[in-house]
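A look at the structure
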Amino acid sequence: MGCDLFVDGVVAESPDSAADLVQLYARAREQDDAFVWLSLHEPTEAALTRVADVFGLHPLAVEDVLHRELRVKIERYEDVTFLVVRAAHYLDYEREIVSTGFVRVFVGPHFIITVLQGSVMELNSLRAGLSSEPGLLTQGPWSVAHAVLDRLVDAYVDSAAAMQIDIDLTEAAVFAARAPVSVEQIYQLKRQLMKFKAVVLPLQRALALLVGRHVSDVPKGIRRYFGDVADHHSAVVEQVAAFDDVVNALLQARLTQVTVDQNNDMRKIASWAAIGAVPTTVGGIYGMNFWHMPELHSRFGYPSVALFILLSAAILYYLLRRAGWL
């Protein structure tokens, strides 16, 4: 847990435990330019209930936090705004895994509470960075909400860049002379892309509400910053949509290559079967043991038949090779 009292954009107090939380919040409400930032990571139900009692959080919002999976949304409970967003981090090419987590944010007149689920996002470095920008923090709790969403969308941008590299490598492998990438690998990339898409796209509505005037207590200066975050997010959304088209095309191309390879294999098998049919047919006829058969009692009968088989097989091989079947 991390907790800070900001007064006029500067950290005035940072208690080591939650015991001073009530007193800290009381001090924040006594001043117009003060607010409390409380950061929690996967809190227990008891701890979250205590925080809800101190800050007067709505029971429905608290219940939403306790759910492990929840849709992205923004809701108002009297003078408190409740925001649920999803964080994402794309791992390296070898694993091609999108790791996700949730970030819940409560923004009130004199407080902001961030609740993290998972290890995808950390706020310690963000807290240190904001402390060096007191001018921004004078805008109140919404300045911290902007910083959290900005960090979140920056992570989207980094993940999209890493995914772009993997898609380019996959594309090069698919159209290489010998494609080392399998259909399963492309499908794995497609699956993680869909997972990343499910994280990124729902944030559009929440950002649109924050940029517009639907959330009236957002300061005008901070609203402009939310507009910048929305622009970056829109770029990621467009990039993800393009990724989807490219991966679909790569999957279809690889499936077509597999079909063509299978057809080539079948043609080769059919060609060798046709060549093998010549000695089989001749041997089958002579195996009937009729008395009156060509060259049956001739000294050169066996060599003649063997030569006929070899010449027939050679001619078939030449014709099939010329036709591209072998």
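One structure accompanies this document, and this report is about it. (Residues numbered from 1 in each chain as written. Predicted model: local features only at pLDDT ≥ 70, side-chain atom pairs only at ≥ 80, totals over all residues. Heavy atoms only, no water.)

Structural notes on the side chain of D64
Topologically, D64 is positioned in helix 3 (residues 59–66). In this structure D64 comes out as buried when scored by relative accessible area, which is 12%. When residues no more than four places from it in sequence are discounted, the contact partners of D64 are L70, K73, E75, Y77, F82 and R104. (Helix = DSSP H or I, 4+ residues; strand = E, 2+ residues; numbered from the N terminus. Buried < 20%, exposed > 50% of the residue type's maximum accessible area, 1.4 Å probe, protein only. Contact = heavy atoms within 4.5 Å.)

Some details on a nonpolar patch on the surface
A cluster of nonpolar side chains, contributed by L307, L311, I315, Y318 and L319, occupies part of the molecular surface with about 520 Å² of accessible area. Residue placement: I315 occurs in helix 10 (residues 301–322). (Patch = residues over 30% accessible without salt bridge, like charges linked within 9 Å, V, L, I, M, F, W, Y side chains within 5 Å. Areas by Shrake-Rupley, 256 points an atom, 1.4 Å probe, with all protein chains shown as cover. Salt bridge = Lys/Arg side-chain N within 4 Å of Asp/Glu carboxyl O.)

So, the pairing of strand 6 (residues 98–108)
A large share of strand 6 lies buried, amounting to nine of its eleven residues. Relative to strand 6, strand 5 (residues 80–90) is paired through ten bridges, and the arrangement is antiparallel. Note that in strand 6 the partner of A88 across the bridge is T100. Pairing between strand 6 and strand 7 (residues 111–117): seven bridges, direction antiparallel. Bridging from a neighbouring strand, G108 pairs with F111 of strand 7. Turn length for the strand 6-strand 7 hairpin, with the two strands adjacent in sequence and antiparallel, is two residues. (Pairing = 2+ DSSP bridges.)

Overview of the pattern of salt bridges
For the structure on display, the rule yields five salt bridges. Between R76 and D217 there is a salt bridge, and its shortest N-O distance comes to 3.1 Å. Here the residue R76 occupies a position in strand 4 (residues 73–77), and D217 occupies one in the loop between helix 8 (203–211) and helix 9 (220–286), the gap between them amounting to 141 residues. Exposure remark for D217: the relative accessible area of 30% places this residue in the partly exposed category. Of the charged contacts in the structure, one is a salt bridge between K190 and D244, with a shortest N-O distance of 2.4 Å. Highlighted residues: K190 in helix 7 (residues 183–200) and D244 in helix 9, separated in sequence by 54 residues.

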